[in-house]
Amino acid sequence: MTATVFWQLVLGFGAISLVSVGGGIAVLPEMHRLVVEVHGWMSDADFARRFALAQAAPGPNVLVVGLFGWHVGGIGGMLTAVLAMTLPTSFMAFGFSRLRARLAGRLWLKTIERGLVPIAVGLIAASGLILARGTATGWLPAVVTACSTLFVWRTDYSPLWVLGAGAVVGLAFL
Amino acid sequence: MSDPPPRPVPTLLDLFLTYGKIGLIGFGGINAWARRVLVEEKRWLTDQDYAETLGLGQVLPGPNALNAAIMVGDRFHGTAGAIVAPGAMFGGPLILLAGLATFYDAYGEVPLVRAVLAGVAAAAAGMVIGTAAKMTQKLKPPPALLAVGLTALVAAGVFRVPLPYVVLGLAPFGIWAARRAMRAR
């Protein structure tokens, strides 16, 4: 990895992270602009493939930036991109966490916290819906998604069971 | 309201191992799994605690699962916790992803691999939707808050409105609805 690429990763992803309200994936279009349009590091199809790979792997969705970094700078590029994307906002979150502890119990803070709860839950549901639409290439994946929804909602068994079942169904029929 | 049994408090090692696990099983995104492990399995947090922390993580810039992990870590073990929890959550998957990137370049187009990944992804999608349904059932939101949540779901999930607009646009309505609900009590 050259010094130029290092700084392009640091400044590019660092800047993007600061506007990523709502989650790392909210800024996917910005990432596309940086990686494909501004620097020409990879093609459109490569970008989509890397994103799909990061989605299929476990872990925070934002790790997709690690794959972009990997593409231009190997393991060093991966670490640089991930740290640029996570460190600056981590300090902000930590500062906020301290502030929150100091203000704990204030009625206005409690009101704000409660008011944000439905948005948090609604966005979890939305991300599930988007994932489902991406995978529903026929009736079978849609059935797997529906069964898995019911299983996780109505039982307290570990969701790892449905992931295993999904892998078996994929192996057998897809 | 009767007092629930006291909630266990994790040690620093607990935080490390638990967040490491959450990272490595976090198919389809971290948040649904973090809730499953922190609220149902470990009982360190209530559904309300977890949803509030995640909600704040979403209004702050940065990956929301990371912001939530920092706040949970800080809550139990201060600065050390705020480093250990997100570090464990990112460390495992990062190593896995480096391996996967190498593997995928060589085998990604093998139909068998694609089929298994497709099956897992479909199940993970259902897992995420099921988690949202379960949280709604447990949190029992009053109608106004439920409406805010459904609006977030439709705006982000159906119309694909960019998340910053959804979060910042709906926050005032959520806060207003929460204020009304708390006054009514």
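Residues numbered from 1 in each chain as written. Chains lettered and ligands numbered in written order. Predicted model: local features only at pLDDT ≥ 70, side-chain atom pairs only at ≥ 80, totals over all residues. Heavy atoms only, no water.

**Some remarks on the overall build of chain A**
Then, in step 1: Per the secondary structure count, chain A includes seven helices and zero strands.
Then, in step 2: Counting from the amino terminus, helix and strand elements in chain A follow one another as α-α-α-α-α-α-α.
Then, in step 3: For chain A, the proportion of its 174 residues judged to be buried stands at 51%.
Then, in step 4: Of the contacts made within chain A by residues no fewer than 6 positions apart, 47% connect residues no fewer than 24 positions apart.
Then, in step 5: As presented, chain A carries roughly 8,000 Å² of accessible surface, and 70% of it is formed by carbon and sulfur atoms.
Then, in step 6: Taken as two groups, the 11 positive and 6 negative side-chain charges of chain A have centres that lie 14 Å from each other. (Helix = DSSP H or I, 4+ residues; strand = E, 2+ residues; numbered from the N terminus. Buried < 20%, exposed > 50% of the residue type's maximum accessible area, 1.4 Å probe, protein only. Contact = heavy atoms within 4.5 Å. Areas by Shrake-Rupley, 256 points an atom, 1.4 Å probe, with all protein chains shown as cover. Lys, Arg positive; Asp, Glu negative; His and termini not counted. Charge placed at Lys NZ, Arg CZ, Asp CG, Glu CD.)

**A look at the interface of chain B and chain A**
Then, in step 1: At the interface, 94 residues of chain B touch 85 residues of chain A.
Then, in step 2: Taken together, the two surfaces of chain B and chain A that pack against each other cover about 7,800 Å², and 75% of this comes from carbon and sulfur.
Then, in step 3: Remark: the boundary between chain B and chain A carries three salt bridges.
Then, in step 4: Across the pair Arg98 of chain A and Asp74 of chain B runs a salt bridge, and its minimum N-O distance is 2.9 Å.
Then, in step 5: Our enumeration of links across chain B and chain A arrives at 17 residue pairs in polar contact (both at pLDDT 80 or more).
Then, in step 6: Put simply, the parts of the chain that give the side of chain B that touches chain A at least two residues each are helix H1 (12-25), helix H2 (31-41), helix H3 (47-59), helix H4 (64-107), helix H5 (111-139), helix H6 (143-158) and helix H7 (163-184) of chain B.
Then, in step 7: When residues of the side of chain B that touches chain A are assigned to their parent elements, the largest contribution, 25 residues, is made by H5 of chain B. (Buried area = accessible area lost by both parts, 1.4 Å probe. Salt bridge = Lys/Arg side-chain N within 4 Å of Asp/Glu carboxyl O. Polar contact = N/O pair within 3.5 Å; in protein donor to acceptor, adjacent residues only side chain to side chain.)

**Some points on H7 of chain B**
Then, in step 1: Its 22 residues place the ends of H7 of chain B 31 Å apart at the C-alpha level, agreeing with the 32 Å of an ideal helix rising 1.5 Å per residue.
Then, in step 2: A maximum bend of about 35° is found in H7 of chain B at Ala171 of chain B, where proline Pro172 of chain B lies one to four positions downstream.
Then, in step 3: Taken residue by residue, H7 of chain B has Val166, Val167, Leu170, Ala171, Gly174, Ala177, Ala178 and Ala181 of chain B as its buried positions.
Then, in step 4: Of the surrounding secondary structure, the elements contacted by the buried residues of H7 of chain B are helix H5 (107-135) of chain A together with H3 and H6 of chain B. (Expected span 1.5 Å × (residues − 1). Bend = angle between axes of the 7 residues up to and from the residue.)

**Observations concerning the UniProt feature "transmembrane region" (unreviewed entry) in chain B**
All names here are of chain B.
Then, in step 1: If you check UniProt for "transmembrane region" (unreviewed entry), the listed places come out as residues 12-34, 80-104 and 110-130 in our numbering.
Then, in step 2: Span residues 12-34 is 78% helix and 0% strand, its end C-alpha atoms 17 Å apart.
Then, in step 3: End C-alpha to end C-alpha, residues 80-104 measures 35 Å, and it is 100% helix and 0% strand. (UniProt positions renumbered as here; feature names shortened; annotations may be inferred.)

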